[in-house]
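Topology and contacts: notes
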Amino acid sequence: MFVCIFSALSALAQTSLVASLCHAKDEARLFYGEDALKEAYAAAEDADVIILSSGTFNAVDFEKAVLLRGTGMYNNDETGTGETVVRGDMRYMIPESIIGRTPRVEGIHFTGSFSVDGHGTSVSKMEMLKCLFDQQVNVAATLAQVTNCVFLYPLVSKCTHLDGYTYMEGSNIASKVVCLNSFVRDSYIETYTATGSIEMTNCMILEPGSAQPLKLTNSIILCISSQSSLPGGMALENTIAVGEDEKGEAFNANYTKEIPYVQGWENVIKKLSYDPTQFMFMPAQRFELTDEAATTYLGNDGKQLGLYGGSAPFNPTPGNPQVSKFAVSADNVNGQLSVKITVE
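Residues numbered from 1 in each chain as written. Predicted model: local features only at pLDDT ≥ 70, side-chain atom pairs only at ≥ 80, totals over all residues. Heavy atoms only, no water.

A word on the overall build of the protein chain. Each helix and strand in the protein chain was counted, giving three helices and 32 strands. Buried positions account for 50% of the 344 residues belonging to the protein chain. Considering only intrachain contacts with a sequence separation of at least 6, the fraction spanning at least 24 residues in the protein chain is 43%. Counting only carbon and sulfur atoms, one obtains 48% of the accessible surface of the protein chain, whose full area is about 15,200 Å². (Helix = DSSP H or I, 4+ residues; strand = E, 2+ residues; numbered from the N terminus. Buried < 20%, exposed > 50% of the residue type's maximum accessible area, 1.4 Å probe, protein only. Contact = heavy atoms within 4.5 Å. Areas by Shrake-Rupley, 256 points an atom, 1.4 Å probe, with all protein chains shown as cover.)

Have a look at this one:
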């Protein structure tokens, strides 16, 4: 894997947009430009890895069990690493019958809609790590594991298969999404049978809306108005609601169990940046609790509620190796350049 990373990063001296296709035997092929992801995917096989540099790449639909990794969903000011952006709608259509690695996307900012579906059969597993999604995400998978992600539009557990871009009513699956330490703007189950579920632990969710069955544990619900109302059918454990306004009469109209309600976002979350005209929090929001809230509102594990508690505290930096230093000497020895790369 290091050979693959080294090859991809060395290419940064030539171009700013690089996709490195890594085969099982550490063989690497490099592709350049906005369509580098498309070209790398066309040459990929199941269980291969595609690593993208920072920059913006055009999207491509996936039907192979290929791991896709980027430099991160945000620009990293500390290391000087830019974000990896995939532009356009994207679909993962990977049948359960494919033998290979669990499909995974990591460290990428997706600007278009994102869908996961087996194209007529179920996707057994899907992993989404440290990604930012600007548009709606639709998941039809037996199990989708989501960790350290930010969803600026609804996350939907689809219990129907796709036929092209149309959902087929007669093709139901038991779709399950498990979210850890992620921010979600609304979430719901869209199904023709009651076979879908979304479980969130140490998450923040804006206006759960019509979500049921939805289970929230050690999480925080953000309410945007006095008219906010919790949907019925939810299961809430060690979860609080935070609103800018006083709790309205509609809050418990459907969900009749009382949960703690804290008025004033600033009393719980520091530096919260919200655009009321778009009903949206800013993309680079970190959602950290105030020092007092972090020691006051605790989950059943004794750690703080929300993104920075639990087993996978929010960290937008991808787990795969990142370049902290890259230098090319102006001198050469025997016609060869001296390149120094520090990978951490």
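Across the sheet, which stays open at both edges, the ten strands sit in the order β4-β6-β9-β12-β15-β20-β23-β25-β27-β28 with parallel pairing between neighbours. Each edge of the open sheet is held by one strand with a lone partner, namely β4 (55-58) and β28 (261-263). Here β4 pairs with strand β6 (residues 84-87) via four bridges, running parallel. Within β6, the residue paired with G55 across the bridge is T84. (Pairing = 2+ DSSP bridges.)

When pLDDT is averaged across the protein chain, the result is 77; 70% of the residues are at 70 or more. Overall, residues 5-15 carries pLDDT values under 50, and its contacts beyond four positions in sequence, including any with other chains, amount to 22 contacts. For the stretch residues 161-171, pLDDT sits under 50, and the model shows 27 contacts to residues farther than four places along the chain or on other chains. (pLDDT = per-residue confidence, 0-100.)

Among all positions of helix α2 (residues 36-43), only A36, L37, A40 and Y41 are buried. Each buried residue of α2 sits inside an arc of 130° when the element is viewed along its axis, so together they form one side. Of the surrounding elements, those touching the buried residues of α2 are β1 (18-22), β2 (28-32), β3 (49-52), β4, β5 (67-69) and β6. (Arc of directions from axis to C-beta.)

In this fold, S182 is placed in the loop between β19 (176-180) and β20 (183-185). The buried category is assigned to S182, whose relative accessible area is 0%. Within the structure, the side chain of S182 is placed 3.0 Å from the backbone oxygen of L180, a separation counted as a polar contact. When near neighbours in sequence (up to four residues on either side) are disregarded, S182 contacts V146, T147, N148, C149, N202, C203, M204 and L307. (Polar contact = N/O pair within 3.5 Å; in protein donor to acceptor, adjacent residues only side chain to side chain.)

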